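What the coordinates show
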Amino acid sequence: MASSSTPSSVGAPNHLNSSGCVIKVVPGRGRGLYAERFIPRGTLLEISPVLLFEKEEYENHGKYTVLDHYTFVWPGNRMALALGLGSLFNHFDPPNVSFSLDPATDSIRYTTVQDVQPGDELCIFYGHNLWFTPSEGEKKKSDPDEPDDGWGGLAAVGEDENTDSTILQNPFEGGNPDDIIPDESLPFIRFKPPPEEETAESIRTIEAWVVNVPEPKHLGPLIKWLKQANLESPDVAHLKRIRKNLDTSETTLLLCLSADRPSPLLPEHLDLPEPYRVPVPATSALTTPSLALKTAIWPTMYTPKRKDEFEPWTRAQARWAWNAMHSAIMEASHAESSLGEKPIAAHIAEPYPSNPEEESLSFPAHDTRNSTNHPSATPP
């Protein structure tokens, strides 16, 4: 929380941190961390061990104390208090320091996302739902009087280089790509999806190649053949390989999800019928109603998730998402400034993780209503 008050070292403790930050006190606001010397972008400032609280323990006790202002949401439905210098980073938007969770060592890593000049305060981003009034000069994203920028708050990602070049820097560059990024620091807002596929109409299916196996003794050799033919791919991991029809005593084996006929051909000595295609569920079942519906189509794996729990995002994934959104905004900006079109664009990002041996699969596109004289184009 930046302030016009002059920070002072009076009343602040000395410390042994060697990365160039120093504790100072701002009158009326308390302690904060400041750069004692020039600190380049990508500098690891601090690794703070954390004190963990179980959710029930925190809900019953911790949230009613001063700890409520300093705790982080931690993977595993827990809360964490940063020790060391971790709890002294104040809030500012945009921040000059990012932080990432390291559940393997129960610690939080703080890294500069831009060059920091001597005397600048070192700040992190607390998130959009603040419990205090942001300081003067800071973006107030929750201010109802602020006009909509038309980009859902993402306009800063595509700012012109002549405005503030630091905003163009991907804040997730550098650092350990496997670090877990807190939800509030991700370049998007996560929404809890509705219950997935719990009606017959909502089940998503894909086509799969299967073959009927009249003789149960042939299943063993066929399973070995699947391995030799490299048909045990991850895209079928959510499905069971065998479906038994109790009415006909017939067994059906799942071969693959390929659009083309399975290759190599089935073992000739087993004298099997021709393979054919059937619809199968596109994903595993997350709930018991979904499991019953999907298994009626094809036997499906049951992989329930803990209620309200999101998959964590790593620094590498956040970097990929930020770059994809930045590409979309730059495409829209180019359409408006250079082509006279509406600043509307789409960017289909290359799948994550990308394969460096394959050709890039990302595709940009922008609005063309003006250049094509579409009836909905802006009147001259």
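Residues numbered from 1 in each chain as written. Predicted model: local features only at pLDDT ≥ 70, side-chain atom pairs only at ≥ 80, totals over all residues. Heavy atoms only, no water.

- Under an unreviewed UniProt entry, the name given to the chain is SET domain-containing protein, and the source organism is Ephemerocybe angulata.

1. Comments concerning the pattern of salt bridges
- Throughout the structure, instances matching the rule amount to 3 salt bridges.
- Here Glu274 and Arg261 are joined by a salt bridge, their closest N and O atoms 2.5 Å apart. In this pair, Glu274 sits in the loop between strand 13 (250-256) and strand 14 (276-281) while Arg261 sits in the loop between strand 13 and strand 14, placing the two residues 13 residues apart along the sequence.
- A relative accessible area of 54% means that Glu274 is categorised as exposed.
- Its relative accessible area of 37% is what places Arg261 among the partly exposed residues. (Salt bridge = Lys/Arg side-chain N within 4 Å of Asp/Glu carboxyl O. Helix = DSSP H or I, 4+ residues; strand = E, 2+ residues; numbered from the N terminus. Buried < 20%, exposed > 50% of the residue type's maximum accessible area, 1.4 Å probe, protein only.)

2. Topic: the packing of aromatic side chains
- Evaluation of the coordinates by the stated rule reveals 4 aromatic pairs.
- Ring geometry for Phe89 versus Tyr110: centroids 4.6 Å apart, planes at 15 degrees, classification stacked. Highlighted residues: Phe89 in the loop between strand 5 (78-82) and strand 6 (90-91) and Tyr110 in strand 8 (residues 107-112), separated in sequence by 21 residues. Assigned by exposure class, Phe89 and Tyr110 land together as buried. (Phe/Tyr/Trp six-rings, centres within 6.5 Å; stacked < 30°, edge-to-face > 60°.)

3. Topic: the environment of Arg277
- Along the chain, the position of Arg277 falls in strand 14.
- On the basis of relative accessibility, which here comes to 37%, the residue Arg277 falls in the partly exposed class.

4. Topic: helix 5 (residues 315-339)
- Here helix 5 is 25 residues long and its end C-alpha atoms lie 35 Å apart, about the 36 Å a rise of 1.5 Å per residue gives.
- Count one or two residues on from helix 5 and you reach Gly340, which has phi positive near 70 degrees. (Expected span 1.5 Å × (residues − 1).)

5. With respect to the nonpolar core
- Among the nonpolar cores identified, the biggest contains 23 residues, and Leu33, Phe89, Val97, Phe99, Ile108, Tyr110 and Leu122 are the most heavily contacted of them.
- Secondary-structure elements contributing two or more residues to this core are strand 1 (21-26), strand 2 (30-35), strand 3 (44-54), strand 4 (71-74), strand 5, strand 7 (97-102) and strand 8.
- With 3 residues, strand 7 is the largest single contributor of residues to this core.
- In terms of nonpolar packing, the next biggest core, distinct from the first, is built from 15 residues, Trp209, Val211, Ala229 and Cys256 among them. (Core = buried A, V, L, I, M, F, W, Y, C linked by side-chain atoms within 4.5 Å.)

6. Quick word on the sheet that holds strand 14
- A sheet is described by the order of its strands in space; here 4 strands give the open sequence 12-13-11-14, paired in antiparallel fashion. Each edge of the sheet is formed by a strand with only one pairing partner; in this case those strands are strand 12 (242-245) and strand 14. Looking at each pair of strands side by side, their axes are set apart by 40 degrees on average, direction ignored.
- Where strand 11 (residues 205-213) lies against strand 14, 6 bridges are found, and the strand directions are antiparallel. Considered in strand 14, the bridge of Thr205 is made with Pro281.
- Along the sheet, helix 3 (residues 219-228) contacts strand 11, strand 12 and strand 13; its crossing angle with strand 13, the most-contacted strand, is approximately 5 degrees.
- Strands strand 11, strand 12 and strand 14 of the sheet are contacted by helix 4 (residues 288-297), whose axis makes an angle of about 180 degrees with strand 14. (Pairing = 2+ DSSP bridges. Axes fitted to C-alpha atoms, helices over the stretch in contact; angles between N-to-C directions. Contact = heavy atoms within 4.5 Å.)

7. Overview of unusual backbone geometry
- Non-glycine residue Asp106 carries a positive phi angle of around 50 degrees.
- Within the secondary structure, Asp106 is located in the loop between strand 7 and strand 8.
- Given the relative accessible area of 31%, Asp106 is considered partly exposed.
- In the Ramachandran plot, Asp271 falls in the positive-phi region, its phi being about 55 degrees despite a non-glycine side chain.
- Within the secondary structure, Asp271 is located in the loop between strand 13 and strand 14.

8. Examining the side chain of Arg241
- Relative to the helices and strands, Arg241 is located in the loop between helix 3 and strand 12.
- When its relative accessible area of 17% is taken as the criterion, Arg241 is described as buried.
- A distance of 2.7 Å separates a polar atom in the side chain of Arg241 from the backbone oxygen of Leu254.
- One polar contact links the side chain of Arg241 to the main-chain carbonyl oxygen of Leu255, over a distance of 2.9 Å. (Polar contact = N/O pair within 3.5 Å; in protein donor to acceptor, adjacent residues only side chain to side chain.)

9. Topic: the confidence of the model for the chain
- With 77% of its residues at a pLDDT of 70 or more, the chain shows a mean pLDDT of 77.
- Per-residue pLDDT, averaged within each element of the chain, yields its smallest value for helix 2 (residues 165-168) (42) and its largest for strand 14 (92).
- Across residues 139-167, where pLDDT falls below 50, the model places 34 contacts with residues more than four positions away in sequence or in other chains. (pLDDT = per-residue confidence, 0-100.)

10. Considerations on a nonpolar patch on the surface
- A grouping of Ile348, Leu361 and Phe363 is seen on the molecular surface, where their side chains present a nonpolar patch of about 310 Å² in accessible area.
- Relative to the helices and strands, Ile348 is located in strand 16 (residues 345-348).
- Ile348 sits in the exposed class, given a relative accessible area of 55%. (Patch = residues over 30% accessible without salt bridge, like charges linked within 9 Å, V, L, I, M, F, W, Y side chains within 5 Å. Areas by Shrake-Rupley, 256 points an atom, 1.4 Å probe, with all protein chains shown as cover.)

11. Comments concerning the environment of Ser263
- Residue position: Ser263 is located in the loop between strand 13 and strand 14.
- Under the relative-accessibility criterion, Ser263 is labelled exposed at 58%.
- As a C-alpha pair, Ser263 and Leu231 span 32 residues in sequence and 9.0 Å in three-dimensional space.

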